[in-house]
Amino acid sequence: MKFPCFFRLYQQYLITCTVILAVFAAEYGTLSARSSSPTLRILQGRIIDTDNKPLAGATITAPALKIGTIARTQGNFTLAIPERFVQDSIMLSVSAIGYKQWRKTIAVNSQELVITLELGATLTSEVVVSAQRSSSFVQDAPTKIEVVTQRDLQRTPALDITQSCEYVPGIKVQDNCGVCGTTDIRIQGLEGQYAQILINGMPIVSNLGMVYGLRGISPTMIKQIELIKGPATILFGPEAVAGTMNIILKSPLELPILQASSQVNSFREHALAGTFRHMLSDNTSTSLTAEYQANAYRTDLNNDGFMDVPLYRRFSLMNAWTLTGNGWDMQLFGRYFYENRTGGQMDWQPSDRGGNKVYGESIFTHRAEVFGTAERELSDLWKLQVRLSAIGHYQDSQYGVANYTANQGILYTDALAVYSASPAHTWTFGAAYRAERYTDNTPATLEPITGTHKPVWYHIPSLFMQHDFTSSWIATQVGLRYNHHNIQGSILQPRGSVKFNLAEETALRLTGGTGFRMVNIFTEDHAALTGARRVVIGEQLRPEQSLSGAVSITHEMDDVGGGVLRLTGDAHWTRFSNKIIADYDTDPNAILYKNLAPTDYALTRGFTLGAEYSFPFPLRTSLSWEVLNTYRVEQGEREEIWFNPRYRIFVNAFYAIPAWQTELQLTGKVTGAQRMPRIVDDAGAIIRPLESPVWSIWNLQITKRFAGWEIFGGVENIFNFTQASPLIAPEAPFSDRFETAYIWAPIRGRVLTIGVRVSVE
């Protein structure tokens with residue numbers, strides 16, 4: 001395949017940047033180690049139970065410094081002590097599910113620690129998060145932050161990040177195409193394009209990368225996922241409308257010397273991953289992670305003539321560096337991702353690509369990323385943080401006879417200064433710049449006069465300021481961001497959060513703010529590219545704007561039947577003006593895209609109730625009930641928005657058998673009815689239900705640990721529940737009646753998975 005000249009140059013630029021920065025990091029770290037004593041102090045240890053068995057996944061934190069890490073497979077951990085910390089001792093806190101919390105003051109220069117945890121109930125909130133651009137604990141943040149830890153990611157046999165989020169309340173992984181299997185991540189009932197996806201706090205996953213690029217982020221690379229529902233902080237940019245998902249990657253210091261994993265399932269999907277970590281000096285460390293995933297087996301269990309699971313080959317390579325010296329803490333990541341994905345009729349072959357005899361959808365994706373962070377303590381009062389990222393994303397897609405090629409490059413940089421005026425007051429001042437170049441072969445970039453496709457450039461410089469206040473009973477976070485869009489002009493965004501400590505065990509949080517989003521139909525709406533309907537853009541589309549609010553309350557009880565109980569309640573509300581809608585009903589052969597009129601609006605609102613209970617023995621259970629109401633009002637008429645279940649129930653149970661070093665994880669989800677598209681025949685008669693039925697899915701996984709390795713096996717969709725074919729008129733895929741997106745439940749049934757993980761400390 002030949003790449004456009006821009007992408008070749010951009011790819012070479014990214015590779016050159018990676019090599020130069022890596023060489024600089026290695027040489028800088030070596031020189032620093034030669035010229036002065038090591039500035040980075042490493043605290044190492046091992047977490048075990050009373051039977052001397054390792055406790056992988058235990059959380060280790062230093063509350064005073066707001067830093068932490070997770071114990072690896074053999075219970076080993078490494079905690080990097082910041083250079084600014086000069087004391088000889090530190091308070092350490094360790095916790096694990098089903099065990100009593102351990103707290104003790106230890107010497108920083110201690111030899112390797114061995115910490116023993118005793119059985120007992122605990123629900124720790126001491127998880128370190130960085131979703132506010134500075135380290136804090138979940139329970140301290142004014143904005144409610146939900147964390148999916150590394151261990152949580154391993155308790156389901158997920159191949160990518162979208163599968164990892166399937167059973168997180170407030171998130172819905174929506175399948176958008178029954179042929180090529182594309183998905184998006186919905187937060188609070190809003191489509192995937194309304195969620196801001198960050199990697200290490202940087203907004204480098206944009207509209208084009210949202211469709212297929214997320215598949216390249218494997219759970220083996222992820223330390224944790226931090227989820228904020230609603231507008232939250234102003235520090236990450238203007239586009240966090242539905243919420244923010246911050247994907248935190250593992251740094252080399254958090255990795256063993258060598259780790260590898262492999263898994264295969266009953267659909268013959270298989271994955272191989274390996275990571276190597278090396279300490280170049282006391283100041284410099286690096287890691288290299290490679291992963292390969294593939295599916296080459298064709299199945300058609302619903303007998304519609306199309307493959308149930310797309311064929312694919314994915315490869316990703318990630319190189320990470322950490323460097324500490326002369327007052328600076330730096331991290332650098334470089335990643336390359338390639339995917340070849342194919343879905344279509346069972347007899348489709350590569351030679352049929354673009355033809356009109358055998359229907360197929362073939363997508364090639366290339367994505368390269370470089371991003372890094374540098375932090376420095378300027379004084380006891382000031383801290384400086386600088387970040388830089390650059391990505392190149394190229395996609396060549398063939399949907400039947402329709403070809404879609406797109407090329408996107410994004411450069412993002414920001415700098416902020418944090419001023420700690422006192423223990424109670426913190427001020428953050430910052431500036432950011434984002435440049436984006438996008439081109440494709442659709443009407444979105446077509447010059448009417450010349451008939452050629454011209455790249456579209458977006459430039460958004462920003463200024464922002466935020467104030468954080470903390471006291472014993474209240475914590476507030478108020479911010480203002482000014483953005484100047486080269487096309488849309490000035491955009492002012494206020495956002496704020498407040499947390500009330502109603503009691504020692506009870507916290508109430510309120511959040512509100514505005515959102516702004518530019519729209520690119522062809523990168524965000526798969527229906528505009530697949531199927532036979534023509535696309536009609538009847539007007540100059542204006543950017544979407546939103547006003548959002550959220551409230552949450554958390555109450556924890558320490559002694560309920562010998563265990564610990566946490567109760568949560570959340571409510572959210574988002575109102576859109578200028579919302580862009582896809583009208584499928586006016587013309588059955590077309591998709592009409594338009595803004596809602598000034599008097600019209602769209603609204604999404606809902607609430608979630610949850611309960612989590614940790615027994616005095618190693619069993620933790622959770623139950624949550626989510627209710628969602630989404631609709632739009634157009635010309636006085638109210639219509640429910642598609643693909644949003646009116647309610648969902650999530651069930652989770654985790655049980656550990658320490659004597660056998662075995663864990664069992666049960667997850668379940670009940671999904672209520674949802675509004676579906678109106679599908680009619682040539683006579684105008686409705687041929688598919690306008691609502692989906694209620695359905696549920698249940699999964700079980702068992703993990704057994706040995707010395708240095710573990711084996712896991714699981715069953716997804718235990719009761720083999722599937723919907724009928726999601727395709728409309730699959731017998732005539734090149735006709736005007738063909739549709740691919742009538743999806744409300746799993747397309748494939750029961751899946752058996754087995755895998756192994758190996759770790760060398």
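Keep in mind that this is a model prediction, so the values were computed, not measured. (Residues numbered from 1 in each chain as written. Predicted model: local features only at pLDDT ≥ 70, side-chain atom pairs only at ≥ 80, totals over all residues. Heavy atoms only, no water.)

Considerations on the overall build of the chain
- Along the chain, the regular secondary structure elements total five helices and 42 strands.
- Considering only contacts in the chain between residues 6 or more positions apart, those separated by 24 or more positions represent 64%.
- Per element, the accessible surface of the chain, about 30,000 Å² overall, is 59% carbon and sulfur. (Helix = DSSP H or I, 4+ residues; strand = E, 2+ residues; numbered from the N terminus. Contact = heavy atoms within 4.5 Å. Areas by Shrake-Rupley, 256 points an atom, 1.4 Å probe, with all protein chains shown as cover.)

Some details on the sheet that holds strand S5 (residues 89–95)
- The strand order across the open sheet built from four strands is S3-S2-S5-S6, with neighbouring strands paired in antiparallel fashion. The sheet is open, and its two edges are formed by strand S3 (67–70) and strand S6 (102–107), each paired on a single side. Each strand axis lies, on average, 25° off the axis of its neighbour in the sheet, ignoring direction.
- When S5 meets S6, the two strands line up antiparallel, connected through six bridges. If you follow Ser89 over to S6, its bridge partner there is Ala107. (Pairing = 2+ DSSP bridges. Axes fitted to C-alpha atoms, helices over the stretch in contact; angles between N-to-C directions.)

A few points about the nonpolar core
- With 38 residues, the main nonpolar core has Ile161, Met245 and Leu249 as its most contacted residues.
- If you list the elements that add at least two residues to this core, you get strand S11 (171–175), strand S12 (183–187), strand S13 (195–199), strand S14 (202–205), strand S15 (222–229), strand S16 (243–249) and strand S20 (311–325).
- Excluding its chain neighbours within four sequence positions, the residues that come into contact with Leu249 are Ile199, Asn200, Met221, Ile222, Lys223, Glu254, Met318, Phe333 and Phe371.
- Ala62, Ala71, Trp102 and Ile115 belong to the second largest nonpolar core, which has 23 residues in total. (Core = buried A, V, L, I, M, F, W, Y, C linked by side-chain atoms within 4.5 Å. Buried < 20%, exposed > 50% of the residue type's maximum accessible area, 1.4 Å probe, protein only.)

Section: the packing of aromatic side chains
- What the rule picks out here adds up to 15 aromatic pairs.
- Ring plane angle 65° and centroid distance 5.0 Å describe the contact between Tyr359 and Phe738, whose orientation is recorded as edge-to-face. Taken as a pair, Tyr359 in the loop between strand S21 (328–344) and strand S22 (360–377) and Phe738 in the loop between strand S41 (709–716) and strand S42 (751–760) lie far apart in primary sequence, 379 residues in all.
- We classify Tyr359 as buried; its relative accessible area is 3%.
- Residue Phe738 is classed as buried on the basis of its relative accessible area of 0%.
- Here the aromatic rings of Phe706 and Trp709 are separated by 4.4 Å at their centres, their planes lie at 15°, and the arrangement is stacked.
- Owing to a relative accessible area of 33%, Trp709 belongs among the partly exposed residues under this scheme.
- Within the aromatic cluster, the residues linked to one another by ring pairs are Phe306, Tyr359, Phe734 and Phe738.
- The ring of Tyr312 has Arg314 lying over it, and the distance from NZ or CZ to the ring centre is 4.1 Å. (Phe/Tyr/Trp six-rings, centres within 6.5 Å; stacked < 30°, edge-to-face > 60°. Lys NZ or Arg CZ within 6 Å of the ring centre and 35° of its normal.)

Here we look at the pairing of strand S17 (residues 258–265)
- Residues Gln259, Ser261, Gln263 and Asn265 of S17 are buried on one face, while the alternating residues Leu258, Ala260, Ser262 and Val264, pointing to the opposite face, are not.
- Taken together, the seven bridges between S17 and strand S18 (residues 270–279) define a ladder with antiparallel strand orientation. By the bridge assignment for S18, Ala260 is matched with Gly274.
- Joining the antiparallel neighbours S17 and S18 is a turn of four residues, in which Arg268 adopts a positive phi near 65°.
- Bridge count between S17 and S42: eight bridges; the pairing is antiparallel. When the bridges of S42 are listed, Ala260 appears paired with Val758.

Topic: the environment of Leu301
- With respect to the helices and strands, the residue Leu301 is situated in the loop between strand S19 (284–295) and S20.
- A sequence separation of 424 residues divides Leu301 from Ser725, and the C-alpha atoms of the two residues are 9.4 Å apart.
- The contacts of Leu301, once residues within four sequence positions are left out, are Phe267 and Asp308.

Concerning a negative patch on the surface
- On the surface, Glu504, Glu505, Asp558 and Asp559 cluster together into a patch of negative charge.
- Structurally, the position occupied by Glu504 is in the loop between strand S28 (489–503) and strand S29 (506–517). (Patch = residues over 30% accessible without salt bridge, like charges linked within 9 Å, V, L, I, M, F, W, Y side chains within 5 Å. Salt bridge = Lys/Arg side-chain N within 4 Å of Asp/Glu carboxyl O. Lys, Arg positive; Asp, Glu negative; His and termini not counted. Charge placed at Lys NZ, Arg CZ, Asp CG, Glu CD.)

Some details on the pairing of S28
- Bridge count between strand S27 (residues 474–485) and S28: twelve bridges; the pairing is antiparallel. For Ile474, the partnering residue across the bridge sits in S28 and is Phe500.
- Counting the residues that bridge the hairpin from S27 to S28 gives three residues.
- As defined by bridge partners, S28 adjoins S29 across eight bridges and the pair is classed as antiparallel. Bridging across to S29, Ala503 finds its partner in Thr506.
- With antiparallel pairing between neighbouring strands as the criterion, S28 and S29 make up a hairpin whose turn holds two residues.

Re the sheet that holds strand S10 (residues 146–149)
- Pairing in this open sheet of five strands is mixed, and the strands run S10-S15-S16-S13-S14 from one edge to the other. With partners counted over all chains shown, the strands left at the sheet margins are S10 and S14, one partner each. This sheet shows a mean twist of 30° between the axes of neighbouring strands, independent of strand direction.

Describing the pattern of salt bridges
- With the rule as written, the count across this model stands at 22 salt bridges.
- The salt bridge partner of Arg353 is Asp396, with a shortest N-O separation of 3.6 Å. With Arg353 in the loop between S21 and S22 and Asp396 in strand S23 (residues 382–399), this pair connects stretches of sequence that are 43 residues apart.
- A salt bridge links Glu626 to Arg648, with the nearest nitrogen and oxygen atoms 3.0 Å apart.

Remarks on unusual backbone geometry
- For Gln661, which is not glycine, the phi torsion reads 55° and is therefore positive.
- Tracing the sequence through the fold places Gln661 in the loop between strand S38 (647–657) and strand S39 (662–671).
- For Ala729, which is not a glycine, the phi torsion comes out positive at approximately 55°.
- Locating Ala729 in the fold gives a position in the loop between S41 and S42.

Brief notes about the environment of Ala368
- Mapped onto the elements of the fold, Ala368 is located in strand S22.
- According to the relative accessible area criterion, Ala368 is buried, its value standing at 7%.
- In sequence terms Ala368 and Phe337 are 31 residues apart; their C-alpha atoms lie 6.4 Å from each other.

Thoughts on a nonpolar patch on the surface
- Together, Ile257, Leu258, Val264, Phe276, Phe706, Trp709, Ile711, Ile754, Val758 and Val760 line one region of the surface with nonpolar side chains, adding up to about 800 Å² of accessible area.
- Of all the secondary-structure elements, those providing two or more residues to the nonpolar patch are S17, S41 and S42.
- With three residues, the single largest contributor to the nonpolar patch is S42.

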